[in-house]
Amino acid sequence: MAELQGRRILVVEDEALVAMLLEDALMDAGCTILGPGSSVEQSLGILQHNRPDAAVIDLNLAGESSGPVADALAAMGVPFLVATGYGAEGLPAGHEKVPVLTKPYDPSELINLLAKLCEAQAAE
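Because the structure is predicted, anything quoted here is derived from the model rather than measured. (Residues numbered from 1 in each chain as written. Predicted model: local features only at pLDDT ≥ 70, side-chain atom pairs only at ≥ 80, totals over all residues. Heavy atoms only, no water.)

**Section: the layout of surface pockets**
Estimated volume of the largest pocket: approximately 160 Å³. Around the largest pocket, the lining residues are Val18, Leu21, Leu22, Lys103, Pro104, Tyr105 and Pro107. Sorting elements by how many residues they give to the lining of the largest pocket places helix H1 (residues 16-28) first, with 3 residues. When the residues that make up the lining of the largest pocket are grouped by side-chain class, the tally is 6 nonpolar, no polar and 1 charged. (1 Å grid on protein atoms, 1.4 Å probe; cavity = no way out; pocket = protein on both sides within 12 Å on 5 of 7 lines; lining within 4 Å. Points joined across faces, edges and corners; volume = space filled by probe spheres on them. Helix = DSSP H or I, 4+ residues; strand = E, 2+ residues; numbered from the N terminus. Nonpolar A, V, L, I, M, F, W, Y, C, P; charged D, E, K, R; others polar.)

Here it is as structure tokens:
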């Protein structure tokens, strides 16, 4: 998808297989992958040295909430979506309007939603 060509996407996911599938879909769309971050600490470390164009984050990272990552992305003005098996009710406080993809999801849904986020960001 041309809208994502060359975009830097942060992946925050603790399940190795899910992270690999996500990376494959994003690379097929022409993205550069940052991460994956499998913990809050690791993900925040990535953000200290990189500014992504957008991010895909899982809510639950081995029992740890990814809320601090969502907060950091919002503070940086980086659009993100949440890919989770928990649905929208598990969104971190203050991020209730963030788009949610419920696992399992079709990779084309992910790519389309990320493209919309990047387009909206570019229009601002």
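**Regarding the environment of alanine 120**
With respect to the element layout, alanine 120 can be found in helix H4 (residues 107-123). Note: C-alpha distance between alanine 120 and proline 79 (41 residues apart in sequence) is 8.9 Å.

**Description of the pattern of salt bridges**
One pass over the full model with this rule turns up 2 salt bridges. Where lysine 103 meets glutamate 13, a salt bridge forms, and the shortest distance between an N and an O atom there is 2.8 Å. In this pair, lysine 103 is assigned in the loop between strand S7 (100-102) and H4 and glutamate 13 in the loop between strand S1 (8-12) and H1, connecting sequence segments 90 residues apart. Exposure remark for lysine 103: the relative accessible area of 24% places this residue in the partly exposed category. Notably, a salt bridge pairs aspartate 58 with lysine 103, separated by 3.3 Å at the nearest N-O pair. (Salt bridge = Lys/Arg side-chain N within 4 Å of Asp/Glu carboxyl O. Buried < 20%, exposed > 50% of the residue type's maximum accessible area, 1.4 Å probe, protein only.)

**Regarding the side chain of histidine 95**
If you trace the backbone, histidine 95 turns up in the loop between strand S6 (80-84) and S7. Sequence-distant contacts of histidine 95, defined by excluding residues within four places in its chain, comprise Ala70, Asp71, Ala74 and Phe80. (Contact = heavy atoms within 4.5 Å.)

**Some remarks on a nonpolar patch on the surface**
On the surface, Leu17, Met20 and Leu21 cluster together into a nonpolar patch covering about 330 Å² of accessible area. Note on placement: leucine 21 falls in helix H1. You can call leucine 21 exposed: its relative accessible area is 53%. (Patch = residues over 30% accessible without salt bridge, like charges linked within 9 Å, V, L, I, M, F, W, Y side chains within 5 Å. Areas by Shrake-Rupley, 256 points an atom, 1.4 Å probe, with all protein chains shown as cover.)

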